[in-house]
Each structure stands twice: as C-alpha cells, then as structure tokens.
Amino acid sequence: MKITAIILAAGQGTRMKSRLPKVLHNLCGQPLLSYPLRAAMTVSDQTPVVVIGHGAEEVQKAVGSMARFAIQEQQLGTAHAVLAASEQVAGHTDLVLIINADLPLLTAQTVERLVEVQKRNEGPLTILTACSSEARGFGRIIRSEDGNVEAIVEEAQATPEQLALGELNVGVYCARDDWLWNALRRVEKSPKGEYYLTDIVQIAVADHLNVATVPVSELSETVGINNRVHLAEAEALMRRRINQRWMEEGVTMVDPQTVYIDTEVRIGRDTVIYPNTMLKGHTVIDEGCVLGPNSVIEDTQIGKGCHVIASFLESAIMEDGSEIGPYGHLRKGAHLGKGVHLGNFGEVKDSYLGPGTKMGHFSYIGNATIGENVNIGCGTITCNYDGVKKHPTVIEDDVFIGSDTMLVAPVRVGKGAHTGAGAVITHDVPPETTVVGVPARPLHKKSTSE
Ligand code: UD1
Ligand code: CA
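Residues numbered from 1 in each chain as written. Chains lettered and ligands numbered in written order. Predicted model: local features only at pLDDT ≥ 70, side-chain atom pairs only at ≥ 80, totals over all residues. Heavy atoms only, no water.

## Comments concerning the overall build of the protein
Thinking step 1. When helices and strands are tallied, the protein shows nine helices and 40 strands.
Thinking step 2. Scaling as 2.2 N^0.38, a compact globule of 450 residues should have a C-alpha radius of gyration of about 22 Å, whereas the protein reaches 30 Å, well beyond that.
Thinking step 3. Along the three orthogonal principal directions, the C-alpha set of the protein runs to about 115 × 40 × 40 Å.
Thinking step 4. The buried share of the protein, reckoned over its 450 residues, is 50%.
Thinking step 5. Taking the contacts inside the protein whose residues are at least 6 apart along the sequence as the reference set, 39% of them involve residues at least 24 apart.
Thinking step 6. Summing over all exposed atoms, the protein offers an accessible surface of approximately 20900 Å²; the carbon and sulfur share of this is 50%. (Helix = DSSP H or I, 4+ residues; strand = E, 2+ residues; numbered from the N terminus. Rg over C-alpha atoms; globule rule 2.2 N^0.38 Å. Buried < 20%, exposed > 50% of the residue type's maximum accessible area, 1.4 Å probe, protein only. Contact = heavy atoms within 4.5 Å. Areas by Shrake-Rupley, 256 points an atom, 1.4 Å probe, with all protein chains shown as cover.)

Have a look at this one:
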C-alpha cells in the first residue's frame, strides 16, 4: 500500500519571537522539521511533501532533497495547508499521512501504529490522540455516548464542558486518499476565519463513516513547540531519550544529566563518557573510548580506544589508540594517526600526524604533514602564515624536534633529523642532520682554526 506524508510547516511561529522560521530552530543538532521528516520516512518510501509558507526559501534550503515542497501562499488554516499539496499527492497514493511540523518528539513507532490502524479501518480516517490533564491549547476529542469519535473542537471554540475533556488531538492523521481531498474541500471557514483540518472528522461522521483513534505511547511525544520554553523542554526530553538509547547500546555515562549528544552522533560499545561532554553534529565514536570530562567534540571521527580529556575537537579525525588532553584543540582538518599522543595545550589544524608521533606540551601545528614516531618538543610552532598565505611544513619519520623550535614554512625536515632547542628553521633540513641556532644551521664538529 502506498503511503505519502504531508508535513505542515507553513505557519509563522510568532511566539518564538525569531527571525528564523520556527521549524528551523535547532533541537539536539537538527532543525525541528527534520524530526517529523524522519518519522515519515520510516513509515513511507515516498518522498514526503512539506507545505511551506513563512520563510519558504530558507526552509527549502535547509531541508534540501529530503522532501518535495508545496507552497501555501497565505496561511488560511491547516485544511487549506493540506490542500496546497493536493496536486503532488492526490491520486498518486493510497494513504495520506498528515503531520504537524511542530511535534519533534513524535516517534516513528507511533506513526507506524497509526498507519497500521488506518489500513484496517473500514472508515477513511484515523487520528492520533493523547489523554492528559494538561491541554496545552490542543483540540479536544468529542465522543458520542457509545464511544465513537464525533468531532474535534478547537480550544477557542470549545464550551466549558468540552474544555474539561482530557482526550486531545495530537496533530497527526492518516486518511484514505480517495476520500480526503473531497472532504477537505467541504471544510467551512471557522469563526476565526481559518479552514481547520480537524473539521474533516465531523465530515466523515456526517457521512456515517468510521473515524478510528490511536493513543500515543508516551505523553512526551505530544510536546509541541510554540515558544522557546517549549523548545528547551523538548530538548531536555530528546536528550534523555538519546542518552538512554546509547546506554542501552553499551555506552557508559557517569552522569547522563551532563552529557549532550546530538541526534546524528554514533557511539561504539564500552565507550565511557564523563560529565560535561558534548558530542555534536556528525561525530562518530568507535568502541572503548574515554571521553571527557569537559570536552566538546563536533563533526569528528574517533577510532577505537581513544582518550579525549578536557579538549575541544572540530571536524577532526583521531585514529585508534590516539589521545588528546587535557586542554587540547583539534581544529578543522586535524588528523591524528594511530597511537598519536597530544598532551596539554596543543593545537592542530589542517595537519596529519603519523602513527606514534608525540606532541606533549604547548605546541601549534598547522598545514603540516608529519611522519611516524616524530617527537615534537614543548613549545614547537609551525610558522605557517606570512600575513598573506598559508605555507606547508613537512616533517619526515623519526625526526626529533627540540623544545621551542620555530619551523618557518614552507620547510621540510628530513627523516631522522634533529633540531636543537630554540632553533628557527628557515631552510630545509637534510635527513639525519642536526640543526641548531637562529637561523638554524647544521651542527659541525669544532673546527681547528677556533
Ligand atoms: C493544531 C490542531 C489542534 C491540535 C494541535 C496539536 C487544527 C485546526 N488544530 O492546532 O487540534 O491539537 O494542532 O498539534 O489543525 N500550518 C500551516 N498552514 C496554516 C496553518 C498552520 O502550514 O495555514 C502548520 C503550522 O506551521 C504547524 C501546523 O500546521 O506546523 C499546526 O498549526 P498550528 O497553528 O500550530 O495549530 P495548533 O493551533 O497547534
Ligand atoms: Ca501547534
């Protein structure tokens, strides 16, 4: 059976008080809109249609090829919004799944249950409901004495008795395609001047057609985002969910309340995460690592058995058994080979450090290619920038760089060479040679004339 999802995201989100469209606000490293999109893509293999209006261009740019788009020029209500997608959807599917874009905690499993119930429903429509004493402005589900759904009443139009009802409309619907579109055209303007999607319930009931309901599995799924307080609530709930999932997968968190993991991050078993650690973006961590305390790791790949202590890593790679910290900084393009040791106050940018290389203390390495088993002494600096351009430094295998060496790039230090403490390297150093001084020269045996 063909299922196509329509995600309603044209609203302004006035209460966010933001230049950014509501659905692009960030939740655990992803825009809000990506969550219903993900849920939709789990239950359907058709590309979802996102209805956009406010900030349409920005939203479209952020979502990219994950979805198709339908423009709702004027925000005349949720029924009107669904109709904007009719050209792309009507007649091309069996079931239409409609999801409000501001429900990021909705799970794919719940959406799946909704679809399954509609597949078995004789009637044309199934809606997702939640029972809660906290209504949060949601529409109320009205049932007849025999328990059948009769209508959804919006809070603004509800009577005091209806307001007291504890069964709420979550904002997720599954309808038969051959029924939906005509029903939407029959929706009349509400007293508030909007066309309410929720009115299709009464339309089905008037035609003696069955409307089925599916309750959410967990109330937290219904947390909608209308302002930044809700956004923070959703963030806390989502974070707890993410941490729980990784703990179930074999990751230890000494204090999960202080661990922040973005949605897209992946972590291997037996990794231990200490407090105040953030794993952001598309970070991938392999097995048996020790991360934190006090580390921020963004868009970085970390191999097996690595250690990161009190350090900041962005767009970097650490291969198996490498370590950094405390107080290390890997910037974009930093790549530590197997077993590399980076101690305190080291910064690496756009550079490769070969296997077994050690850089214990206070160094800056930028635009460099460094071989295997190199020792980089305390205070070493690649002087890679001449004020206009960046220049490369190459250090071959088994080199010993003495403390406080300045490598004035472009420059190459040959295999097995040594530099003396405080050397300023302005010319290439041949292999197996020791250079000292400012500017550095090869160290000769004392000449007899002296
Ligand atoms: C809606 C439901 C309400 C439900 C609640 C739960 C209606 C009439 N009411 O109310 O019963 O309890 O969701 O989530 O549907 N949108 C458009 N175009 C529009 C208007 C809205 O695309 O013209 C989008 C919004 O961007 C949003 C979604 O539809 O993502 C829901 O709209 P919103 O205004 O938030 O509806 P609620 O008042 O929350
Ligand atoms: Ca809403």
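Having seen the model, we can carry on.
## Brief notes about unusual backbone geometry
Thinking step 1. A cis geometry characterises the amide bond from Gly292 onward to Pro293, with omega recorded as 5 degrees.
Thinking step 2. Relative to the helices and strands, Pro293 resides in the loop between strand E18 (290-291) and strand E19 (295-298).
Thinking step 3. The linkage connecting Val438 with the following residue, Pro439, adopts the cis geometry, with an omega of -15 degrees.
Thinking step 4. Along the chain, Pro439 turns up in the loop between strand E39 (434-436) and strand E40 (441-442).
Thinking step 5. With a phi close to 50 degrees, Asn367 is a non-glycine residue in the positive phi region.
Thinking step 6. Relative to the assigned elements, Asn367 resides in the loop between strand E29 (358-366) and strand E30 (368-370).

## A closer look at the pattern of salt bridges
Thinking step 1. Per the stated rule, a full pass over the model turns up 12 salt bridges.
Thinking step 2. The salt bridge partner of Arg186 is Asp207, with a shortest N-O separation of 2.9 Å. Of this pair, Arg186 sits in helix H7 (residues 177-186) while Asp207 sits in the loop between helix H8 (200-206) and strand E11 (211-215); the two residues are 21 residues apart in sequence, bridging distant segments of the chain.
Thinking step 3. Residue Glu347 is joined to Arg331 by a salt bridge in which the shortest nitrogen-to-oxygen separation is 2.6 Å. (Salt bridge = Lys/Arg side-chain N within 4 Å of Asp/Glu carboxyl O.)

## Things to note about the nonpolar core
Thinking step 1. Ile261, Ile302 and Leu330 are the most contacted members of the largest nonpolar core, which totals 57 residues.
Thinking step 2. Elements represented by at least two residues in this core include exactly helix H9 (228-248), strand E13 (259-261), strand E26 (334-336), strand E27 (341-349), E29, E30 and strand E36 (411-413).
Thinking step 3. Mapping this core onto the domain boundaries places at least three of its residues in each of domain 1 (3-222) and domain 2 (236-442).
Thinking step 4. Setting aside anything within four residues of it in sequence, one finds Ile261 in contact with Cys28, Ile242, Asn243, Trp246, Met253, Ile267, Ile273 and Leu279.
Thinking step 5. Core analysis: the second largest hydrophobic core is formed by 35 residues, Ala9, Leu24, Leu95 and Ala101 among them. (Core = buried A, V, L, I, M, F, W, Y, C linked by side-chain atoms within 4.5 Å. Domains from an automatic or database assignment.)

## Quick look at the sheet that holds strand E20 (residues 301-302)
Thinking step 1. Spatially, nine strands are ordered E14-E17-E20-E23-E26-E28-E30-E33-E36 in an open sheet, and the strand pairing comes out parallel. Each having just a single partner strand, strand E14 (266-267) and E36 make up the two edges of the open sheet.
Thinking step 2. Summarising the sheet, strand E23 (residues 317-318) and E26 pair through two bridges and their orientation is parallel. By the bridge assignment, Ile317 is partnered in E26 with His335. (Pairing = 2+ DSSP bridges.)

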